[in-house]
Amino acid sequence: MNTNLERVAAKARKETNLKFSSLAHHITKELIWEGLARMPKYTAPGIDHETVKGAQKDFDLWIEDLMESIHRKSYKPPAVRRVWIPKPGKTEKRPIGVPTVVDRALQRSTAEVLSAIYEQDFLNCSFGGRPGRGAHNALATLNEIIAGERVSWVLEADLKNFFGSLDHKWMLDFVQHRVGDPRIISMINRWLKAGVMENEKIQAKLALLKVARLASC
C-alpha cells in the first residue's frame, strides 16, 4: 500500500463514521500500471482479445483517455465475456465474467483504494475476498481453534447464487455509507450494469460483478 493510501487507512481507522468524499485521485496511472504488472502473463483476455502484454505495450496510448473518463464520470466498462466452468465434484457448471485486461486493471486499482477503507472495518475472523487472506488462512485458523479449545460443532453453509442474487441498490447504498466520491460510485454502478457477451452476442442484463472481490479479478 502506498503512502497516500496508508493515510486513507489511518483516517478510516480513526474516524469510523467518516464518509470519504474524494477518492478517485488515488487511482493513479502508476496504480493502474501496477495492476497490469500483477496480472499473470497469460491471463484470459476479455471481449477485445487484448492481452496483458499488449495492454502494457500500448499503455501510453490509452491511459490518458482512461484517466479523463474516470474524472468526468464517463467511463463505460466493456461487456464481460461469459465463461462456464465446472463445479468441483458436480456435473453442473457455473458462469464467471471475464473483463477486458484494461478494465480488470482499473478494477484492481479501485479495489485497492476501497480496501484501504474497508479493511479497517472488517473483523479479524473474516477471510472472504480480502487481500492476503483466503481459504487456507481460514482453515489454519479453524484448525487452531479446534486444537486449542473444546468445540462441540462446526457449521458449514453455502448461499446459492449469492452474487447473482444481490440487491445492487442496497449494496450501493451500503457502499455510500463510507464512500461519497461520485466518480467511484459511478464506476461501481456501471460495472454492475455492464453487459455480458456469450456466443458472440451481448446480453443487456446485469453482469455478475463480485464487487467485494474486485482485487482478485
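As the structure is a prediction and not an experimental result, all values here were calculated from the model.

Criteria and thresholds
Residues numbered from 1 in each chain as written. Predicted model: local features only at pLDDT ≥ 70, side-chain atom pairs only at ≥ 80, totals over all residues. Heavy atoms only, no water. Helix = DSSP H or I, 4+ residues; strand = E, 2+ residues; numbered from the N terminus. Rg over C-alpha atoms; globule rule 2.2 N^0.38 Å. Buried < 20%, exposed > 50% of the residue type's maximum accessible area, 1.4 Å probe, protein only. Contact = heavy atoms within 4.5 Å. Lys, Arg positive; Asp, Glu negative; His and termini not counted. Charge placed at Lys NZ, Arg CZ, Asp CG, Glu CD. Pairing = 2+ DSSP bridges. Axes fitted to C-alpha atoms, helices over the stretch in contact; angles between N-to-C directions. UniProt positions renumbered as here; feature names shortened; annotations may be inferred. Core = buried A, V, L, I, M, F, W, Y, C linked by side-chain atoms within 4.5 Å.

J.: So, the overall build of the protein: which residues are in play, and what are the values?
T.: On a plain count of helices and strands, the protein comes out with eight helices and four strands. Secondary structure of the protein in N-to-C order comes out as α-α-α-α-β-β-α-α-α-α-β-β. Against the 2.2 N^0.38 benchmark of 17 Å for 217 residues, the protein shows a C-alpha radius of gyration of 19 Å, consistent with a compact globule. With respect to the three principal axes, the spread of C-alpha positions in the protein is 60 × 50 × 35 Å. Looking at the protein as a whole, 36% of its 217 residues are labelled buried. A separation threshold of at least 6 residues defines the contact pool for the protein, and within that pool the share at least 24 residues apart is 67%. Across the protein, the mean location of the 34 positive side-chain charges is 3 Å away from that of the 25 negative side-chain charges.

J.: How would you sum up the sheet that holds strand E1 (residues 80-86)? Please name residues and give values.
T.: One key point about sheets: their strands pair by backbone hydrogen bonds, in either a parallel or an antiparallel sense. One open sheet accounts for four strands, arranged E2-E1-E3-E4; its pairing is mixed. Among the strands making up the open sheet, the edge pair consists of strand E2 (93-98) and strand E4 (201-203). Here the average twist between neighbouring strands, direction ignored, is 40°. In this structure, E1 lies alongside strand E3 (residues 196-198), joined through two bridges in parallel fashion. Across the sheet, the residue bridging to Val80 is Val196, located in E3.

J.: If you had to explain the UniProt feature "domain: Reverse transcriptase" (unreviewed entry) in the protein to someone new, which residues and values would you point to?
T.: The UniProt feature table records "domain: Reverse transcriptase" (unreviewed entry) at residues 85-201. Structurally, residues 85-201 comprises 44% helix and 10% strand, and the distance from its first C-alpha atom to its last is 19 Å.

J.: How would you summarise the nonpolar core if you had to cite specific residues and measurements?
T.: Within the largest apolar cluster, 40 residues are counted, with the highest numbers of intra-cluster contacts made by Ile32, Trp62, Leu66, Leu106, Val179 and Ile184. Elements that contribute at least two residues to this core include exactly helix H1 (3-14), helix H2 (29-38), helix H3 (52-57), helix H4 (59-71), helix H5 (101-118), helix H7 (168-175) and helix H8 (182-192). Per-element accounting of this core gives the leading share, nine residues, to H5. Sequence-distant contacts of Ile184, defined by excluding residues within four places in its chain, comprise Leu23, Ala24, Ile27, Thr110, Leu114 and Val179.

J.: I'd like a description of H8, backed by residues and values.
T.: Burial analysis of H8 places eight of its eleven residues in the buried class, the great majority of the element. Here H8 has its buried residues at Arg183, Ile184, Ile185, Ser186, Met187, Ile188, Trp191 and Leu192. Summarising the contacts, the buried residues of H8 are in contact with H4, H5 and H7.

J.: Quick one: what's the story with the environment of Lys169, residue by residue and with numbers?
T.: With respect to the helices, strands and loops of the structure, Lys169 is situated in helix H7. Judged by its relative accessible area of 59%, Lys169 falls in the exposed class. Considered as a pair, Lys169 and Asn189 are 20 residues apart in the sequence and their alpha carbons are 9.0 Å apart.

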